[in-house]
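Observations on the three-dimensional arrangement
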Amino acid sequence: MPLLFSFLIGGLFGIGLAIAGMLNPSKIAGFLDIFGAWDPSLAFVMGGGVIVNLIGHHLLMKRATPLFGGTFRLPTVQDIDRQLLGGSALFGIGWGLGGLCPGPVISSLLLRPADVVIFAVMMMAGLWLGKAIR
Amino acid sequence: MTIDMVNFTPLSALVGGGMIGLAALALMAVKGRVMGISGILASLIRPDADAPDAHDSNSWRLAFVAGAMLGPLTLGLFHIDIDIIPVASGWVLPLAGLLVGFGAALGSGCTSGHGICGLARLSPRSLVAVMTFMLTAVITVYLVRHAGVM
């Protein structure tokens, strides 16, 4: 049963990305272009997502376990180190260049394979490499 | 700075963003897992050696990724158009992909894990990550669009 839920949650995520305009690299670039004609939409995507999750997460953590048992797996690392800073800096450069981040890549892969497949393959290679040296 | 009113879509951004936040919340409620896409993808291709439930963990990840790939296709059934206009081509596209993957793996997260989930947990580490990638992304777009780099 949780497997079906995982599938549906992935679907909700993908549909949310599409409605939000996150699958459109031009819209991402428009948000990042604060020195040109700035499109603030992405701030509303982030704001909406964070507020829903912030309130919900706070309520959810009153429970000891997830709904179907098991344990909550929350990140325990607290360090703000060179890997966090360097990795995030490189991620931002790639995001700015391509207007794509990992979620939108998988959610537009079937919609527009020709536009994202090269990016997707290199992203997977990058994920493998980055995890290997981390 | 000028606001691009033609392309500004606050309502759909808020609705879509809310759905993304709801998905993150639901995954934590059902599986107890952070909805970080780079982490999910990285674990699929390079499993965590120390994962105690390694046998179970990739099935939910695959189901999630399948849902995320198929979900947007359903919008076509309702005749909702999804604009996708690329900004990169040629050698920039694979380079950007490599940087996004490598950077997200090294920095332990991307826009979903650090952005939607980490900020909602009020994680200082995620706040620093988000501010860092926002800064370098803004600088990158400035250099490409206004300073003639590339």
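Given the structure is predicted, the values throughout are model-derived calculations rather than measurements.

The rules behind each value
Residues numbered from 1 in each chain as written. Chains lettered and ligands numbered in written order. Predicted model: local features only at pLDDT ≥ 70, side-chain atom pairs only at ≥ 80, totals over all residues. Heavy atoms only, no water. Helix = DSSP H or I, 4+ residues; strand = E, 2+ residues; numbered from the N terminus. Buried < 20%, exposed > 50% of the residue type's maximum accessible area, 1.4 Å probe, protein only. Contact = heavy atoms within 4.5 Å. Areas by Shrake-Rupley, 256 points an atom, 1.4 Å probe, with all protein chains shown as cover. Core = buried A, V, L, I, M, F, W, Y, C linked by side-chain atoms within 4.5 Å. Axes fitted to C-alpha atoms, helices over the stretch in contact; angles between N-to-C directions. Parallel < 35°, antiparallel > 145°, perpendicular 65-115°, else oblique. Left-handed = near helix turned anticlockwise from the far one by under 90°. Nonpolar A, V, L, I, M, F, W, Y, C, P; charged D, E, K, R; others polar. Phe/Tyr/Trp six-rings, centres within 6.5 Å; stacked < 30°, edge-to-face > 60°. Lys NZ or Arg CZ within 6 Å of the ring centre and 35° of its normal. Buried area = accessible area lost by both parts, 1.4 Å probe. Salt bridge = Lys/Arg side-chain N within 4 Å of Asp/Glu carboxyl O. Polar contact = N/O pair within 3.5 Å; in protein donor to acceptor, adjacent residues only side chain to side chain. Pairing = 2+ DSSP bridges.

1. Looking at the overall build of chain A
In terms of helices and strands, chain A carries 6 helices and 1 strand. In chain A, the succession of helices and strands from N to C terminus is α-α-β-α-α-α-α. The dimensions of chain A, computed from C-alpha atoms along their principal axes, are 45 × 35 × 30 Å. In chain A, buried positions account for 51% of the 134 residues. Considering only contacts in chain A between residues 6 or more positions apart, those separated by 24 or more positions represent 38%. Accessible area for chain A stands at about 5800 Å²; split by element, carbon and sulfur atoms hold 72% of it.

2. Examining the overall build of chain B
Scanning chain B for helices and strands turns up 6 helices and 1 strand. Starting at the N terminus, the α and β elements of chain B follow one another as β-α-α-α-α-α-α. Overall, chain B is about 50 × 40 × 35 Å in size when its C-alpha atoms are taken along their principal axes. Evaluated residue by residue, chain B yields a buried proportion of 54% over its 150 residues.

3. Here we look at the nonpolar core
Most often, soluble globular proteins keep nonpolar side chains buried together rather than apart. In this structure, A:Phe13, A:Met22, A:Leu32, A:Trp95, A:Phe119, B:Ile20 and B:Met35 are the most contacted members of the largest nonpolar core, which totals 64 residues. Residues within four places of A:Leu32 in sequence aside, it is in contact with A:Trp95, A:Gly96, B:Ala137, B:Val138 and B:Val141. One finds A:Leu60, A:Phe72, B:Leu25 and B:Met28 within the second-largest nonpolar core, a separate group that totals 5 residues.

4. Looking at the packing of helix α3 (residues 41-60) of chain A against helix α5 (residues 111-120) of chain B
Working note: a packed helix pair is described by the angle between its axes plus the distance between those axes. The geometry of α3(A) relative to α5(B) is characterised by a closest axis approach of 8 Å and an angle of 40° between their N-to-C directions. Judged by the inter-axis angle, α3(A) sits oblique to α5(B). Both α3(A) and α5(B) take part in a crossing whose hand is right-handed. Along the contact surface, α3(A) presents A:Met46, A:Gly49, A:Val50, A:Asn53 and A:Leu54, while α5(B) presents B:Gly115, B:Ile116, B:Cys117, B:Leu119 and B:Ala120. Broken down by class, the residue content of the contact of α3(A) with α5(B) amounts to 7 nonpolar, 3 polar and no charged.

5. Considerations on the side chain of A:Asp33
On the secondary structure map, A:Asp33 appears in the loop between α2 (25-32) and β1 (37-38). The class of A:Asp33 is buried, set by a relative accessible area of 5%. Those residues within four positions of A:Asp33 in sequence are excluded, and the remaining contacts are A:Trp38, B:Val141, B:Arg145 and B:His146.

6. Quick notes on the packing of aromatic side chains
Going through the model one piece at a time under the given rule, you end up with 8 aromatic pairs over all chains. Ring geometry for A:Phe35 versus B:Tyr142: centroids 5.1 Å apart, planes at 75°, classification edge-to-face. Here A:Phe35 is found in the loop between α2 and β1, whereas its partner B:Tyr142 is found in helix α6 (residues 124-146) on a different chain. Given a relative accessible area of 36%, B:Tyr142 falls into the partly exposed group. Ring geometry for A:Phe91 versus A:Trp95: centroids 6.3 Å apart, planes at 20°, classification stacked. Of this pair, A:Phe91 and A:Trp95 both sit in helix α4 (residues 82-98), 4 residues apart, roughly one helical turn. The pair A:Phe91 / A:Trp95 is uniform in exposure class, with both members buried. Grouping aromatic residues by their ring pairs yields a cluster made of A:Phe91, A:Trp95 and B:Phe133. Here B:Arg46 stacks its cationic end above the ring of A:Trp128, 4.7 Å away from the centre of that ring.

7. Focus: the side chain of B:Thr136
Along the chain, B:Thr136 falls in helix α6. Among residues more than four places away in sequence, those in contact with B:Thr136 are A:Ser88, A:Ala89, A:Gly92 and A:Ile93.

8. A closer look at the interface of chain A and chain B
Taken together, the 104 residues of chain A in the interface contact 110 residues of chain B. The largest share of the area that chain A buries against chain B comes from A:Arg73, A:Leu97 and A:Lys131, three residues that together contribute 7% of it. Taken together, the links from chain A to chain B amount to 1 salt bridge. B:Arg145 serves as the salt-bridge partner of A:Asp33, at 3.0 Å between the closest nitrogen and oxygen. At the boundary of chain A with chain B, the tally comes to 23 residue pairs in polar contact (both at pLDDT 80 or more). Mapped by element, the contributors of at least two residues to the side of chain A that touches chain B are α1 (2-20), α2, β1, α3, α4, α5 (102-108) and α6 (113-133) of chain A. The element best represented in the side of chain A that touches chain B is α1(A), accounting for 17 residues. Tallied by class, the residues present in the side of chain A that touches chain B amount to 64 nonpolar, 30 polar and 10 charged. Pairing of β1(A) with strand β1 (residues 2-3) of chain B, which is carried by 2 bridges, proceeds in the parallel orientation. By the bridge assignment, A:Ala37 is partnered in β1(B) with B:Thr2.

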